[in-house]
Amino acid sequence: MHIFDKISSLTKGIAILIDPDKFKTKESLADFLMKIKLAEPDFIFVGGSSVAKSDFDQCVEMAKKMLPTPLVLFPGASHHLSNNADALLFLSLISGRNPDFLIGQHVEAIDELEKMNIETIPTSYLLIDGGKTSSVQYVSGTQPIPQDEFSIARKTALAGKHLGHKLIYADAGSGAIKPISSEMIQALSSVKSPLIIGGGLGSINSIEAAHRSGANLVVIGNKLEEDIDFLLDLRDYMKA
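Residues numbered from 1 in each chain as written. Predicted model: local features only at pLDDT ≥ 70, side-chain atom pairs only at ≥ 80, totals over all residues. Heavy atoms only, no water.

S.K.: What is the right way to read the side chain of Asp19 from this model?
M.R.: In this structure, Asp19 sits in the loop between strand S1 (13-18) and helix H2 (26-39). In this structure Asp19 is buried but unpaired, with Lys22 as the nearest side chain of opposite charge at 4.0 Å. Among all residues touching Asp19, those that are not within four sequence positions of it are Gly47, Gly48 and Val51. (Helix = DSSP H or I, 4+ residues; strand = E, 2+ residues; numbered from the N terminus. Buried < 20%, exposed > 50% of the residue type's maximum accessible area, 1.4 Å probe, protein only. Lys, Arg positive; Asp, Glu negative; His and termini not counted. Salt bridge = Lys/Arg side-chain N within 4 Å of Asp/Glu carboxyl O. Contact = heavy atoms within 4.5 Å.)

So, in structure tokens, the structure goes:
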């Protein structure tokens, strides 16, 4: 099954996001990957806003060797590509108006991408206010959509769908103080495209609320850096 089809079929999906920048040694990354393996998530995402090419490649290669889980690239720049992955979210930051993240980075990536045998999924990427300035917001120089602007978010996502994007990825950002609200998720799910939600999901209750509101897949990142035992809670939730 293609990665896009699998995401589309999920109603209670879990992805774990690995930011290669957070691991200073191969040993610390290997230890983290072994713990992830016990949780049995649906996907592994690899990405970050300011990751060096060498660190990115090493993380993808190690994750692919150590884990049976499908691996999806969540790129923050044009050089975040690897043929070792199963799929690439070809993100266009349509909530902002910075041309570099709407199309510029994509053009820079094409020469390498053309040589790769990898599933590429055109994805509408929307930043939603998570209560603090996220790394994506800082690097892209764009403002997030306010949490209560449901109509703006829905229209933006719908425009992405008409542009041919297959997925919506709504993100409150790394280390968000508050996750994307149920009302916002419901507004985005009304677009009828597979929906990924990330940022600020620090409890099983918040994950469950996101799924109930229409998220096909939720992405967990920072929480695991703070509390690795949360992996056990995730495993229990997925098996319930």
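S.K.: Before we go on, may I ask you to explain the pairing of strand S2 (residues 43-46) in this structure?
M.R.: The alternating pattern of S2 places Phe43 and Phe45 on one face and Ile44 and Val46 on the opposite face, and all of these are buried. Examined bridge by bridge, S1 and S2 share four bridges and lie parallel to one another. Residue pairing across strands places Ile16 opposite Ile44, the latter belonging to S2. In this fold, S1 hands off to H2, which returns the chain to S2; that crossover is right-handed. (Pairing = 2+ DSSP bridges. Right-handed = clockwise from strand over helix to strand, strands pointing away.)

S.K.: Whenever I open this one, the packing of H2 against helix H10 (residues 230-239) confuses me. Can you help?
M.R.: Between H2 and H10, the shortest axis-to-axis distance is 8 Å and the interhelical angle comes to 25°. In terms of orientation, H2 and H10 fall into the roughly parallel class. Crossing angle aside, the handedness with which H2 passes H10 is right-handed. On the side of H2, the interface is formed by Lys35, Ile36, Leu38 and Ala39, while H10 contributes Leu231, Arg235 and Met238. (Axes fitted to C-alpha atoms, helices over the stretch in contact; angles between N-to-C directions. Parallel < 35°, antiparallel > 145°, perpendicular 65-115°, else oblique. Left-handed = near helix turned anticlockwise from the far one by under 90°.)

So, to be careful, I would describe these as geometric facts and stop short of saying anything about function.
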